[in-house]
Amino acid sequence: MNNLINFLTAGILAAAPLLFGVLGETLTEKSGNMNLGVEGMMFMGGIAGILGPYYYEKAGGTNPYVALIIAMVCALVCAGVGALVFSVLTITLRANQNVTGLALTMFGTGFGNYFGEAVGNADPSGFLSVSTAVKGIFNNPIFPDSMVNIPYIGKLLFSHNFMVYLAILLAILLAWFLGRTRAGLSLRAVGESPATADAAGINVTKYKYLATCIGGAMTGLGGLYLVMNAASGVGGAWVYNCIDGYGWLAVALVIFAVWSPKRALWCSLIFGGLACMRYYYPISFIPASIYDIVPYIVTAIVLVAVSLKHSRANQPPESLGLSYFREER
C-alpha cells in the first residue's frame, strides 16, 4: 500500500508541469490559434525563472520569498514575450501557425540551453543554481507535518509543493472561465467562428492576443517547475535539455483532454504516473529506455483513438490553426 501511495504521489509531482502546459495551450487553442511552441516557451520560462533569483542572490538578496516572486514573474514574462512574438506573426502578419510554432520551439530551446550553459560555466561552481532556501520554497510541502502524516491520504493530498496546488487551482479557474463567464464564451465563439463573433461585435484580435499571450505565460510556469523542482533529478539547478519533451506531451494531451481543463487534470495525472512508473513497478526484463518511451507510445495511441471518434464534443475549435481575414467576412 505504501508503494502505491508513493507512486501516486510521484505521479502528481510529475503531472504538474504537464498540467501547466496543457492549460496554457488549451486556452490558446480555444481562441483558434495553434501554438506548437509550447516546448520553446517552457524552456524560456525555465531559464528566465532561474536566472531571476540567481542574479537576485548574486546581488546580495537573501529573502527566499522575494526570490520566489522574481522567479514567477520572470518565467511568466519571458514565456509571455515568446507567445507575443508568435501572436504578432500569426494574428497580425498572418504567418503560418504551424511553422511559426516550430520556429518558436527551436528558438526557445536554444535560448534556454545557451544561457543556462553560458551563465553556469561563468559561475565559480561550474553550474547555474540557486540557494538551498530558494529550492526549499519551491519543493517543500505547504501544509504542516500533522496533515502530511495522516495515514494514507496525508502524503497523497498534503505533501506537495505550492506549484502543484497552483496548477490544480488554474485548471479549476480556467474551466469556470470558459464555461461560466461571458468573456470565456466569447473566446470560445472566436475559436469556433471568428467571422460570426466579429459580426456579433466581439473584438477577435483582442481575444486571440490575450488568450495566446496568457496561455503562453502559463506554459512558462511549467518550465519553471521543471527547473526548480526535482522532476528533472536536480531541483533548483539548470540541467541541459531539462524540459525533455514535456512541451510536446502537453500539446498532445490537449487533444487527449478534448480541450477541457477538467479532463486535463486526469490526463496529466495519467501521464505523470507513466513517466515515473519504472521507479516503483520495474520489470526486470524491460530496459529502462523502454519505460522512457512509454508516455510517447501511449500518446500516439491516444491521438489515433481520439481521431477515430467523430462526435462534435471530441473535435477541436473549427477555426483552429486558420488565420482570420476580416475583409473576407
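Everything below is about the structure printed above this text.
In this report, we go over the structure that sits alongside the text. This is a predicted model, so every value here is computed, not measured.

Attention now moves to the overall build of the protein. From N to C terminus, the protein includes 14 helices and zero strands. For the protein, the α and β elements follow one another from N to C terminus as α-α-α-α-α-α-α-α-α-α-α-α-α-α. Relative to the compact-globule value of 20 Å for 329 residues, the protein shows a C-alpha radius of gyration of 20 Å, a close match. Along the longest, intermediate and shortest principal axes, the C-alpha atoms of the protein span 60 × 45 × 40 Å.

Applying the stated criterion across every chain yields a total of one salt bridge. For Lys58, the salt bridge identified is with Asp123, shortest N-O distance 3.0 Å. In this pair, Lys58 sits in helix H2 (residues 38–58) while Asp123 sits in the loop between helix H4 (97–122) and helix H5 (132–139), placing the two residues 65 residues apart along the sequence. Given a relative accessible area of 10%, Asp123 falls into the buried group.

Attention shifts here to helix H1 (residues 2–30). The end-to-end C-alpha distance of H1 is 40 Å, a good match for the 42 Å that 29 residues give at a rise of 1.5 Å each. Within H1, the axis deviates most sharply at Ala16, by approximately 35°, and proline Pro17 lies no more than four positions further along. Taken across its 29 residues, H1 has 23 buried, putting it largely inside the fold. With its phi angle positive at about 100°, Gly32 sits one or two positions after the end of H1.

Okay, helix H12 (residues 246–256) next. Most of H12 sits out of view: eight of its 11 residues are buried. Taken residue by residue, H12 has Tyr246, Gly247, Leu249, Ala250, Val251, Ala252, Leu253 and Val254 as its buried positions. Of the surrounding secondary structure, the elements contacted by the buried residues of H12 are H1, H2, helix H11 (204–228), helix H13 (261–280) and helix H14 (288–308). Looking one or two residues past H12, Val258 carries a phi angle of roughly 45°, positive in sign.

The next thing to look at is unusual backbone geometry. The phi torsion of most residues other than glycine is negative, and most of the peptide bonds are trans. At Tyr152, a residue that is not glycine, the phi angle is positive and equals roughly 70°. One can find Tyr152 in the loop between helix H6 (145–148) and helix H7 (153–158). We note that Trp259 has phi near 60°; this positive angle belongs to a residue other than glycine. Mapped onto the elements, Trp259 comes out in the loop between H12 and H13.

For the structure on display, the rule yields 11 aromatic pairs. Judged by centre distance (5.3 Å) and plane angle (75°), the rings of Phe143 and Phe158 are edge-to-face. Taken together, the residues span a long stretch of sequence, with Phe143 in the loop between H5 and H6 and Phe158 in helix H7 at a distance of 15 residues. Under the relative-accessibility criterion, Phe143 is labelled partly exposed at 27%. Members of the aromatic cluster, each reached through a chain of ring pairs, are Phe107, Phe111, Tyr114 and Phe115.

Here the focus is the state of the cysteines. Taken as a whole and assessed by the stated rule, the structure comprises zero disulfides. Here Cys213 stays unpaired: no disulfide links it, and the sulfur of Cys78, its closest cysteine neighbor, is 13 Å away. Judged by relative accessible area, Cys213 falls into the buried class, the value being 18%. In this structure Cys242 is not part of a disulfide, and its nearest cysteine sulfur, from Cys78, lies 13 Å away.

A separate point is a nonpolar patch on the surface. Among the surface-exposed residues, Ile69, Val73, Leu76, Val77, Val81, Leu84, Val85, Val88, Leu89 and Leu93 lie close enough to one another that they form a single nonpolar patch of about 800 Å² accessible area. Of note, Val85 is situated in helix H3 (residues 64–92). Owing to a relative accessible area of 45%, Val85 belongs among the partly exposed residues under this scheme.

By size, the foremost hydrophobic cluster in this structure holds 76 residues, and its most contacted members are Leu23, Ile50, Leu128, Phe138, Met163, Leu224 and Trp238. For Phe138, the contacting residues outside a window of four places in its chain are Leu68, Ala71, Asn161, Phe162, Met163, Leu224, Met228 and Asn229.

We now examine the environment of Gly80. Relative to the assigned elements, Gly80 resides in helix H3. Taking the C-alpha atoms as reference points, Gly80 and Ile214, 134 residues apart in sequence, are found 6.5 Å from one another. Excluding residues within four positions of it along the chain, Gly80 makes contact with Cys213, Gly216 and Ala217.

Right, let's talk about the environment of Asn63 for a bit. You can see Asn63 is positioned in the loop between H2 and H3. The class of Asn63 is partly exposed, set by a relative accessible area of 34%. Separated by 71 residues in sequence, Asn63 and Val134 have C-alpha atoms that sit 8.5 Å apart.

Let us now look at the packing of H1 against H12. As a packed pair, H1 and H12 sit with axes 8 Å apart at the nearest point and diverge in direction by 55°. The angle between H1 and H12 places the two elements in the oblique class. At the point where H1 passes H12, the crossing takes the right-handed sense. In contact with Ala14, Pro17, Leu18, Gly21, Val22, Glu25, Thr26 and Glu29 of H1, H12 contributes Tyr246, Leu249, Ala250, Leu253 and Val254. Its residues assigned to classes, the contact of H1 with H12 comprises nine nonpolar, two polar and two charged.

What counts, and at which threshold
- As a convention, each chain's residues are numbered from 1 in the sequence order in which they are written.
- Restriction of local features to residues with pLDDT of at least 70 applies here, the model being predicted, together with a cutoff of 80 or more for giving and counting side-chain atom pairs; totals for whole chains, interfaces and linings are based on all residues.
- For side-chain calculations, the full set of non-hydrogen atoms in the structure is used, while hydrogens and water are omitted.
- Helix and strand labels come from DSSP, where a helix needs a run of H or I of at least four residues and a strand needs a run of E of at least two; each type is numbered from the N terminus.
- As a reference, a globule follows 2.2 Å times the number of residues to the power 0.38, and the radius of gyration itself is taken over C-alpha atoms.
- Salt bridges, as used here, are contacts in which a Lys or Arg side-chain nitrogen is within 4 Å of a carboxyl oxygen on Asp or Glu.
- The buried label applies to any residue whose accessible area, calculated with a 1.4 Å probe on protein chains only, is under 20% of its type's maximum; exposed applies above 50%, and partly exposed to all values in between.
- Take the residue count of a helix, subtract one, and multiply by 1.5 Å to get its expected span.
- Here the bend at a residue is taken as the angle between two axes, fitted respectively to the seven residues that end there and the seven that start there.
- Two residues form a contact once any of their heavy atoms are found within 4.5 Å.
- Pairing of aromatic side chains requires ring centres within 6.5 Å, counting the rings of Phe and Tyr and the six-membered ring of Trp. Pairs whose planes differ by under 30 degrees are stacked, by over 60 edge-to-face, and all others tilted.
- The rule for a disulfide is simple: a pair of cysteine sulfur atoms within 2.5 Å.
- Exposure above 30% relative accessible area and the lack of any salt bridge qualify a residue for a patch; like charges then connect within 9 Å, and the nonpolar side chains Val, Leu, Ile, Met, Phe, Trp and Tyr within 5 Å.
- Methods summary: accessible areas were calculated by the Shrake-Rupley approach with a probe of 1.4 Å, and residue burial reflects only the protein chains presented.
- The set of buried Ala, Val, Leu, Ile, Met, Phe, Trp, Tyr and Cys residues whose side-chain atoms join them within 4.5 Å is what this entry labels a nonpolar core.
- For every element, the axis is a line fit to its C-alpha atoms; helices are fit only across the contacting stretch, and the angle between N-to-C directions ranges from 0 to 180 degrees.
- By definition in this entry, angles of less than 35 degrees are roughly parallel, angles greater than 145 are roughly antiparallel, angles of 65 to 115 are roughly perpendicular, and the rest are oblique.
- If you view the pair so one helix is near and one far, a crossing is left-handed when the near helix is turned anticlockwise from the far one by less than a right angle, and right-handed when it is turned clockwise.
- Gly is put with the polar residues, along with every residue not named as nonpolar or charged; the nonpolar set is Ala, Val, Leu, Ile, Met, Phe, Trp, Tyr, Cys and Pro, and the charged set is Asp, Glu, Lys and Arg.

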